[in-house]
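Survey of secondary and tertiary structure
The lines below spell out each chain.
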Amino acid sequence: MSESFPRLSARTRRFTLGVPRGFTISPDGARVLFLRTKSGTDPVTCLWELDTETHVERLVVDPRSLDSGDEDLPPEERARRERSREQAGGVVSYSTDAEATTAAFALSGGLYVTDLAAARTRRLETAGAVIDPRLSPDGRRVAYVTGGALHVHDLSTGDDRVLATPESETVTYGLAEFIAAEEMSRMRGHWWSPSGDALLVERADEAPVHTWHIADPANPGRPPAVQRYPAAGTPNAVTELFVLGLDGSRVAVPYEHEYLAAAAWDSHALSIVTLSRDQKTMRLLSVDPETGKSTLVREDTDPAWVDVVSGVPAHLDDGSLVWVAAADGGHRLFVGDRPVTPPTLQVRAVLDVDHDSVLFSASGDPTEIQLWTWDGHSLLPVSTRSGVFTGRMAGGVGVLTEQNLDTEGVSTTVVRRDGVAVPIPSYAERPGLDLRVSLGRSGRRELATAVVLPSWHEPGSRRLPVLMDPYGGPHAQRVLNRRGGYLESQWFAEQGFAVVVADGRGTPGRGPAFEREVLGDLATPALEDQVDALHGVAEQYPDDLDLEKVAIRGWSFGGFLAALAVLRRPDVFHAAVAGAPVTDWRLYDTCYTERYLGHPDEQPEVYDTSSLFGDAAKLERPLLLIHGLADDNVVAAHTLRLSSALLAAGRPHTVLPLSGVTHMTPQEIVAENLLLLQVDFLKKSLHL
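Conventions adopted
- Residues numbered from 1 in each chain as written.
- Predicted model: local features only at pLDDT ≥ 70, side-chain atom pairs only at ≥ 80, totals over all residues.
- Heavy atoms only, no water.
- Salt bridge = Lys/Arg side-chain N within 4 Å of Asp/Glu carboxyl O.
- Helix = DSSP H or I, 4+ residues; strand = E, 2+ residues; numbered from the N terminus.
- Buried < 20%, exposed > 50% of the residue type's maximum accessible area, 1.4 Å probe, protein only.
- Polar contact = N/O pair within 3.5 Å; in protein donor to acceptor, adjacent residues only side chain to side chain.
- Contact = heavy atoms within 4.5 Å.
- Axes fitted to C-alpha atoms, helices over the stretch in contact; angles between N-to-C directions.
- Parallel < 35°, antiparallel > 145°, perpendicular 65-115°, else oblique.
- Left-handed = near helix turned anticlockwise from the far one by under 90°.
- Nonpolar A, V, L, I, M, F, W, Y, C, P; charged D, E, K, R; others polar.
- Pairing = 2+ DSSP bridges.
- Phe/Tyr/Trp six-rings, centres within 6.5 Å; stacked < 30°, edge-to-face > 60°.
- Patch = residues over 30% accessible without salt bridge, like charges linked within 9 Å, V, L, I, M, F, W, Y side chains within 5 Å.
- Areas by Shrake-Rupley, 256 points an atom, 1.4 Å probe, with all protein chains shown as cover.
- Lys, Arg positive; Asp, Glu negative; His and termini not counted.
- Charge placed at Lys NZ, Arg CZ, Asp CG, Glu CD.

**As for the pattern of salt bridges**
- One pass over the structure, following the stated rule, counts 44 salt bridges.
- Among the salt bridges present, the one from Glu408 reaches Arg430, with a minimum N-O distance of 3.1 Å. Placement of Glu408 in the loop between strand E34 (397-403) and strand E35 (411-415) and of Arg430 in the loop between strand E36 (421-424) and strand E37 (437-442) is noted, with a sequence separation of 22 residues between them.
- Residue class for Glu408 comes out partly exposed when judged on its relative accessible area of 27%.
- Judged by its relative accessible area of 63%, Arg430 falls in the exposed class.
- For Arg553, the salt bridge identified is with Glu488, shortest N-O distance 3.4 Å. One end of the pair, Arg553, is in strand E41 (residues 545-555); the other, Glu488, is in helix H4 (residues 487-494), with 65 residues separating them in the sequence.

**A short note on H4**
- In terms of residue burial, H4 counts as a mostly covered element, since six of its eight residues are buried.
- Those residues of H4 not exposed but buried are Leu487, Ser489, Gln490, Trp491, Phe492 and Ala493.
- With its phi angle positive at about 115°, Gly496 sits one or two positions after the end of H4.

**Some details on the side chain of Asp42**
- Within the fold, Asp42 resides in the loop between strand E2 (31-37) and strand E3 (44-51).
- Of the polar contacts made by the side chain of Asp42, one reaches the backbone nitrogen of Val44; its length is 3.0 Å.
- Once residues lying within four places of it in the same chain are set aside, the contact partners of Asp42 are Leu17, Thr37 and Arg64.

**Details of the packing of H4 against helix H11 (residues 668-685)**
- Two numbers describe how H4 lies on H11: the axes approach to 11 Å, and their chain directions differ by 45°. The angle between the axes of H4 and H11 places the two elements in the oblique class. H11 is crossed by H4, and the crossing has right-handed handedness. From H4, Glu488, Trp491 and Phe492 reach across to H11, where they touch Leu675, Leu676, Gln678, Val679 and Leu682.

**Section: the packing of helix H6 (residues 524-540) against helix H7 (residues 557-568)**
- Orientation of H6 relative to H7, taken along the N-to-C sense of each, is 75°, at an axis distance of 10 Å. Classified by the angle between their axes, H6 and H7 sit roughly perpendicular to one another. Contacts between H6 and H7 involve Thr524, Ala526, Leu527 and Gln530 from the first element and Phe557, Leu561, Leu564, Ala565 and Arg568 from the second.
- Of the residues that constitute the contact of H6 with H7, the class distribution is six nonpolar, two polar and one charged.

**Some thoughts on the environment of Asp72**
- When you line up the elements, Asp72 lands in the loop between strand E4 (57-61) and helix H2 (75-84).
- For the pair Asp72 and Leu107, spaced 35 residues apart in sequence, the C-alpha to C-alpha distance is 8.5 Å.
- Apart from the residues within four sequence positions on either side, Asp72 is in contact with Ser108 and Gly109.

**Observations concerning the pairing of strand E33 (residues 388-394)**
- Across the seven residues of E33, five count as buried, placing the element largely inside the fold.
- Across seven bridges, E33 lies against E34 in antiparallel orientation. By the bridge assignment, Met393 is partnered in E34 with Gly398.
- Where E33 folds back on E34, the antiparallel hairpin that results is connected by two residues, among which Gly395 adopts a positive phi of roughly 60°.

**Observations regarding helix H8 (residues 590-597)**
- Summarising burial for H8: eight of the eight residues are buried, a large majority.
- Where H8 is concerned, the buried positions are Thr590, Cys591, Tyr592, Thr593, Glu594, Arg595, Tyr596 and Leu597.
- Buried positions along H8 lie against helix H3 (178-183), strand E21 (259-265), H7 and helix H9 (604-610).
- Here H8 starts with a cap whose side-chain oxygen sits 3.2 Å from the backbone nitrogen of Cys591, and that cap is Asp589.
- One or two positions beyond H8, positive phi appears at Gly598, with a value near 75°.

**What to know about the sheet that holds strand E12 (residues 149-154)**
- As summarised here, the arrangement of the four strands in space is E10-E11-E12-E13, forming an open sheet in which the pairing is antiparallel. Of all strands in the sheet, those with a lone pairing partner are strand E10 (131-135) and strand E13 (160-164), marking the two edges. For this sheet, the mean inter-axis angle between neighbouring strands, taken without regard to orientation, is 25°.

**Brief notes about the packing of aromatic side chains**
- Across all of its chains, the model carries 18 aromatic pairs by this definition.
- Where Phe23 meets Phe34, the ring centres are 6.2 Å apart and the plane angle is 35°; that geometry is what we call tilted. With Phe23 in strand E1 (residues 21-25) and Phe34 in strand E2, the pair connects residues that are eleven residues apart, well separated along the chain.
- By relative accessible area, Phe23 is classed as buried at 10%.
- With centroids separated by 5.5 Å and ring planes inclined at 5°, the aromatic side chains of Phe105 and Tyr112 adopt a geometry described as stacked.

**Remarks on a negative patch on the surface**
- A surface patch of like charges, here negative, comprises Asp138, Asp197, Asp247, Asp288 and Glu290.
- Position of Asp197 among the secondary structure elements: in the loop between strand E15 (190-192) and strand E16 (198-205).

**Quick word on the sheet that holds strand E38 (residues 447-452)**
- Taken in spatial order, the eight strands of this open sheet run E37-E38-E40-E39-E41-E42-E43-E44, and their pairing is mixed. Since the sheet does not close on itself, it has two edges, and those belong to E37 and strand E44 (654-658), each with one partner. On average, each strand axis in the sheet is tilted by 20° relative to the strand beside it, whichever way the strands run.
- In this structure, strand E39 (residues 464-468) lies alongside strand E40 (residues 498-503), joined through three bridges in parallel fashion. Its bridge partner lying in E40, Val466 is registered against Ala498.
- Contacting strand E43 (623-628) and E44, helix H10 (residues 637-648) crosses the sheet at an angle of about 150° to E43.
- Lying over the sheet, H11 contacts E39, E41, strand E42 (575-579), E43 and E44, oriented at roughly 160° with respect to E42.

**Looking at unusual backbone geometry**
- Put simply, Val312 and Pro313 share a cis peptide bond, and its omega is 10°.
- Unusually for a residue other than glycine, His55 sits at a positive phi of about 70°.
- Looking at the secondary structure, you find His55 in the loop between E3 and E4.
- Positive phi, close to 55°, is recorded for Asp328, a residue that is not glycine.
- Mapped onto the elements, Asp328 comes out in the loop between strand E26 (321-327) and strand E27 (330-335).
- On the accessibility criterion, Asp328 (64% relative accessible area) is exposed.

Next up, the structure:
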């Protein structure tokens, strides 16, 4: 008997195991390094290499052969993986020298270096458990962090030097602080100089950050985990930058803003990007590494907020700046001071700069993410089919990954200079679902919407109970042209629901104005748009949706939206499952929350409007609250305080606490049974 979808989805980490990722193209385009597990159920990630001329793949590093024992991660690495939503084990990240001849990675706290030509891996002696090892461009040294100290290991002599030692237990050198990793996608805190003789290093001091305690009530003998959490309106970690030379020199790099959003050090400039606490001003600064003095290159301002875009700053061979900024109603690619994309093409990220060409992702239609290049003269489409694409480019060689609704899984192709396409196979498991997904627009605002019907449903044969399945908040998108985004939705549809997924105001892909409509209110526009989308879909499918039986489910912001729906619109929504919901935005982090709601001391009424607590007495529909007690992102206090408010108001509800579970719910049994329990709750609540 084959495995059920919930079990298989849990075992395969939602069908991500076995998919190639983490690509590095050698500068000459001859080789492509990548990460992949050996099967769709194998959680141990290996390092592989593809010869683009012969099309031959080679297994370079198999962690099981390194006698590293069972994976035992230091706390900092566990936190880093939680921030990056990493679900696998083994070699989950690596760095290379400039020529991609050597790779370095951490495994169970050990530091390993691989000679890629010989496929020979050795473990280096270190002072402690290793975090984020990064090779120098010349391949002679590797920098890493242990115990909050930044070390540099000389590969030829074995000499291991400490470049920076933390002055207290709240200080780290070389690591991204919580806010940078969680909210700005900056996962690193040290950067090598192009010559390999110095590093730009972040010093983060969490002393001002309030201390929270994440307890495990199921195991009262264990002490609670102590965490510094910068909740909205409270102090952030103090971050500083230094240029640390291998000769022992230390040069401070002062900057004024609260946040360090990005840094880059190439042959043209040492660049840093800073962001003000209110996130309305962003500065790109060029730093003199000898003196630490900064020169303003450009300043972007916005009355709402300035977006942090990955992949910039970067430079063409002639030194021209590559940048992304909002202008004329669109997120546009700039080369120098000139926008080179139209405002109707929403640039998502810069993926690579290869000499004089820029590879970037962008959306014309918000349900599509396409690849484009700017070659110095014109825009050229790289992806030519409908779908969701990402990629890399170096040495005239490209790596394209593609997802769409017509093809199962993720397709990866290496495109050589001569146009020959070389596939990199995926070993991901097949979900075993017959997807029936229709993308379209619905409601007064023509919201991007996906309608997912049971594979067995005959149109017009009966009205199905409806399950709204949104994320619905800023910074993330559900309605995209890719099968992988609808697997759980399709499974719920197979249980007898018409599932509706809608992206409302605040979600990306439609331009700055659409995203900024949630400024000052994370609740009202998001909920209005779910109702609007539901009614729009009902008009399109008048004989297939039963609006007398409408449920809603979601996780994180989607969990907030699900609880909000039954509290404020019980006339529309008849049951809700809220997973890890944000219930009071004063309990969520500074950077995300203040971007949309401002400082709680300055605008308390805005926080009250977006809080669920004031609506607790209104609950009259079944509500299931699910929360991992080990969640350090949306802490369990959100659910527990809402539950207390509901109890105080005499409103019955259900709480499902998950012992030892974080925001990702990676545990196989938990992930499987969560789906089953949700279906059971929804069917009982809707009297199905």
